[in-house]
Structures are given as C-alpha cells and as structure tokens.
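What the coordinates show
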Amino acid sequence: MELNILVLPGDGIGPEVTEEAVRALRHVAAKFGHSLRLSEALLGGIAIHKTGSPFPDGTAKLALEADATLLGAVGLPEFDDAPPERRPERGLLGIRKTLGVFANLRPVRSYKSLLDSSPLKNHIVDGTDMIIVRELTGDLYYGTPRGISGSGEAEQAVNTMIYTRAEIQRIARMAFELARKRRRKVTSVDKSNVLEVSQLWRKVVIDVAAEYPDVTLEHILVDNCAMQLILNPRRFDVVVTGNMFGDILSDEGAVLAGSIGMLPSASVGPKRPSGAWVGLYEPVHGSAPDIAGQGKANPLAAIGSVAAMLEYSFGLKEEAAAVNAAVDAVLDSGRVTADLRPAGPPATTAQVGEAICQAIG
Ligand code: NAD
C-alpha cells in the first residue's frame, strides 16, 4: 500500500517528537512492505515567522491532497499577546476546518509499567482500554445566538446548545463502527434528564443503534459518567458524547494514562470511498516551550498518533498493533524520558525513538 502523508512538525517540541514518530512510521512501513510518500509543510508559529500566516495556503493544499496528516504541536510564547489571526493556534482551527474533521478520538489505555504514575489506585486503572469519541463541530461552542450584551445589573451573556439529527447520526455511526472493531460496546453520554438537546441526542443514538444490532448500547448521564471514569474505567469501551461534555471528560480520561506525554489523539472526518477516514493525528500535549530543544520530550504520544493513523486512516490494524506493542515494550524496558520518572538516568527523545524502532523489529 502507498501511504501519502503530510507531516507538520510545528513549534517547540513538535519537530523533536515528530522526527521520532516519522522514524517509527518509516520503520513499520518498511517491515510490512508499504511505501511512504511523505511531504512536509508549515503550521503554527513557524509558519507565521516564515510566511506571515499560521496556516499558509500551501499547507492547506498539501493537507487536502494527503491521505492523512501528522502534526507535532503548535504554540510559541512570543505570540501569547498577538491578535487571534496572528496566533499559532489559529493554524490548528484552520486545518481542522479545511479537512472537515468532526470527531476527536482519544484512545485511553493503561500501561502496566506506568500504573504508579496515575493518581488512582493501580487495581482501578489496570486494564483500562477505551476510546472517547467527542463531537467537534457543534454544541455550545458554535451555537448562535451567542454573546454578551447589556450593562450594569442587566448585563447578560448567552450561548446556545444545539445539535441537528444529522450531526448526531454522523458521530453516533462513527462510534458504533469503532465499537465493531473493539469490544462492541457504546456508552452514550448526555444530560437527558434536563436538556432537550440531550433528549434528541439519546433518541437519535437509539435510532442509529438499530443499524448495529451486534453492538451493545448503554446511556449514562454526564455527571455519573464523570464519576464512573474514575471509579470503574474498565467498564468503558467506546464513549460517545457532544463537544462540551467530551472536552471535559476526555481530560479526565487523560489522567488514567499517567502522563500527558503518553496521549495520542485523532481528529477524523468524512469517510473516503476506500472506507478510510480523513484524519489529522497529533499528540494531546502542546509545544512545551519549557523543555524544547533539550531532547527531553517524550515522543510516545506522537508515536501513538502514528498507530492511530495506521488504524483509522489506512485500516492497517496489524501495523498499528506492532507500534503499540513496541510502546509497551519500551515502557517495560524503562528506557523512557524524565516525565515518566525512570529508575535510572532518563533517555533522550531520540533514544526512545531508537528503542521503538528496535522493538518494532
Ligand atoms: P504543554 O502540553 O505544551 O505543556 C504542559 C507541561 O507538560 C509542560 O511542563 C511540558 O514540559 C510538559 N509536557 C508536554 N508535553 C510533553 C512531552 N511530550 N514530554 C514531556 N513533557 C511534556 O501545555 P502548555 O504549556 O499549556 O502550552 C504550551 C504551548 O502549547 C502554548 O502555546 C499552547 O497554546 C500550545 N498548545 C498547543 C496544543 C496543540 O498543538 N494541539 C495543545 C495544547 C497547548
């Protein structure tokens, strides 16, 4: 198979972790006999420095031509006070919109050797393996009317929570299809005891479930879900929810994995005729200016994003499993960066990347 991938290293530790992710990608592609067509472009602060725009037209064009995009991270302290259109983060919104990605997938796995890094008790976290599927384009964040008006005691603010049947169907189908490739269970999160939007959400998810009789569906209220995520995370397989609830719950889920340097993410969009999803893959973490350029960044979230890309955009499950198994092996070996608090001297970003390639074999 030919894999046509756009690489956007971005800012701060972005280029460092992306280099190791690409190294792992080359390694796994060679091992399984795939050919790679890689292109590289500018996004974020570096793009502003070189072109004046955080999301140059050339980057948009290459993203639309690629099968999938791998991103490092964006953000540079010198733009902290810049106007919105000259901020690196604007580049992220731009590429998400251009690709039409509507779902954010966050796989949350526990790793045996990192159990002590989670603030929760080992026996609760051990065996956790879920994907949180967050709708990305609707809900309170985009609904209108919105804004602040009036003054004095009468000053008021409004946001609008809104979802259409079509938007709910689209995200629900994605959750059910993911569940079919996993343990066949979908948990839909809402607040249907209070919100009409959630009542429609629940009704539409039930309608979509009829198309997937082989998948079990359960509903859970968002407040209970927040509690269950830390009481009994193993009960979840695929969790699907709207934009705002997903924003909060996915960060809560992140705590289970132990370190922000471990968390990959995928933003996926419409399905291609081949059945693969258009996708933007990136670590959850930012550009970490405090450790940039020092070889201290943990590349495992970026490498996990490569595994997600192989699975979701190319349907290459075996290759994805090989990358995930290499991550497990490297964690077990203790050859890890300082954020994972190794017993001995910490490995550098490049040493971890090298160890991953050795583990892939
Ligand atoms: P951050 O995720 O960059 O860093 C938070 C803390 O975690 C820092 O102490 C950092 O050193 C550490 N850390 C992060 N990734 C790590 C890794 N791979 N290995 C080891 N340690 C790691 O968040 P921040 O400091 O709030 O933001 C820094 C910049 O990144 C800001 O400009 C912000 O806007 C941007 N940002 C970008 C994205 C993105 O590109 N998707 C996401 C979040 C933040």
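All figures in this text were calculated on a predicted structure; none of them were measured in a lab.

1. Some details on helix α10 (residues 300-312)
Taking 1.5 Å per residue, 13 residues should reach 18 Å; α10 reaches 18 Å between its end C-alpha atoms and fits that length. In terms of burial, α10 is largely enclosed, as twelve of its 13 residues are buried.

2. Some remarks on the sheet that holds strand β2 (residues 35-40)
Strand order across the open sheet formed by ten strands is β2-β1-β3-β12-β11-β4-β5-β10-β8-β9, with mixed pairing between neighbours. Strands with a single pairing partner mark the edges of an open sheet, and in this sheet they are β2 and β9 (216-221). Averaged over all neighbouring strand pairs, the angle between strand axes comes to 25 degrees, with direction disregarded. Pairing between strand β5 (residues 129-135) and strand β10 (residues 238-241): four bridges, direction parallel. When the bridges of β10 are listed, I132 appears paired with V239. Along the sheet, helix α4 (residues 88-99) contacts β1 (2-10), β3 (68-73), β11 (264-271) and β12 (277-283); its crossing angle with β12, the most-contacted strand, is approximately 160 degrees. On top of the sheet, helix α9 (residues 243-257) reaches β4 (103-109), β5, β8 (185-190) and β10; it is set at about 155 degrees to β5, its chief contact.

3. A word on the side chain of T241
Locating T241 in the fold gives a position in strand β10. At 3.2 Å, the side chain of T241 forms a polar contact with the backbone oxygen of V189. Not counting chain neighbours up to four residues away, the residues in contact with T241 comprise V133, R134, E135, V189, W201 and G246.

4. Quick word on unusual backbone geometry
Note that the residue after T144, namely P145, is joined by a cis bond; omega there is 5 degrees. Of note in this structure, D139 is not a glycine but carries a positive phi near 80 degrees. Structurally, the position occupied by D139 is in the loop between β5 and β6 (147-149). Even without glycine at this site, R341 takes up a positive phi of about 50 degrees. Along the polypeptide, R341 turns up in the loop between α11 (317-333) and α12 (349-360).

5. Quick notes on the domain arrangement of the protein
If you check the domain split of the protein, you get domain 1 (1-106 + 260-361) and domain 2 (119-257). Listed per partner, the contact involves 14 residues of domain 1 and 18 residues of domain 2. Taken together, both faces of the contact between domain 1 and domain 2 bury some 1,500 Å²; the carbon and sulfur share is 64%. Run the count over domain 1 and domain 2 and you get two salt bridges. Across the pair E177 and K271 runs a salt bridge whose closest N-O atoms are separated by 2.7 Å. Inspection of the region where domain 1 meets domain 2 yields seven residue pairs in polar contact (both at pLDDT 80 or more). Of all the elements in the fold, those that place two or more residues in the side of domain 1 that touches domain 2 are β4 and β11.

6. Brief notes about the pairing of β3
With six of six residues buried, β3 lies mostly within the body of the structure. For β1 and β3, the ladder comprises five bridges, and the chain directions are parallel. By the bridge assignment for β3, L8 is matched with L71. Pairing between β3 and β12: three bridges, direction parallel. In the strand pairing of β12, A68 is matched with G279.

7. Quick word on the environment of E252
Its place among the elements puts E252 in helix α9. A relative accessible area of 19% means that E252 is categorised as buried. Distance from E252 to I230, taken between C-alpha atoms, is 8.2 Å for residues 22 residues apart in sequence.

8. Brief notes about the packing of aromatic side chains
As enumerated under the stated definition, the model contains two aromatic pairs in all. Where F176 meets Y212, the ring centres are 5.1 Å apart and the plane angle is 15 degrees; that geometry is what we call stacked. Residue F176 is found in helix α6 (residues 165-180), and its partner Y212 is found in the loop between α7 (196-209) and β9; the two are separated by 36 residues along the sequence. On the basis of relative accessible area, F176 is assigned to the buried category, the value being 1%. Y212 sits in the buried class, given a relative accessible area of 4%. The ring centre of F102 lies 4.0 Å from the NZ or CZ of R170, which sits over that ring.

9. As for the packing of α11 against α12
With their axes 8 Å apart at the nearest point, α11 and α12 run at an angle of 120 degrees to one another. With respect to α12, the axis of α11 lies oblique. Considering the relative orientation of α11 and α12, their crossing is right-handed. Within the contact between the two elements, α11 uses A322, V323, A326, V327, A329 and V330 and α12 uses V352, A355, I356, A359 and I360. Within the contact of α11 with α12, the residues separate by chemical class into eleven nonpolar, no polar and no charged.

So, how was this worked out
Residues numbered from 1 in each chain as written. Predicted model: local features only at pLDDT ≥ 70, side-chain atom pairs only at ≥ 80, totals over all residues. Heavy atoms only, no water. Helix = DSSP H or I, 4+ residues; strand = E, 2+ residues; numbered from the N terminus. Expected span 1.5 Å × (residues − 1). Buried < 20%, exposed > 50% of the residue type's maximum accessible area, 1.4 Å probe, protein only. Pairing = 2+ DSSP bridges. Axes fitted to C-alpha atoms, helices over the stretch in contact; angles between N-to-C directions. Contact = heavy atoms within 4.5 Å. Polar contact = N/O pair within 3.5 Å; in protein donor to acceptor, adjacent residues only side chain to side chain. Domains from an automatic or database assignment. Buried area = accessible area lost by both parts, 1.4 Å probe. Salt bridge = Lys/Arg side-chain N within 4 Å of Asp/Glu carboxyl O. Phe/Tyr/Trp six-rings, centres within 6.5 Å; stacked < 30°, edge-to-face > 60°. Lys NZ or Arg CZ within 6 Å of the ring centre and 35° of its normal. Parallel < 35°, antiparallel > 145°, perpendicular 65-115°, else oblique. Left-handed = near helix turned anticlockwise from the far one by under 90°. Nonpolar A, V, L, I, M, F, W, Y, C, P; charged D, E, K, R; others polar.

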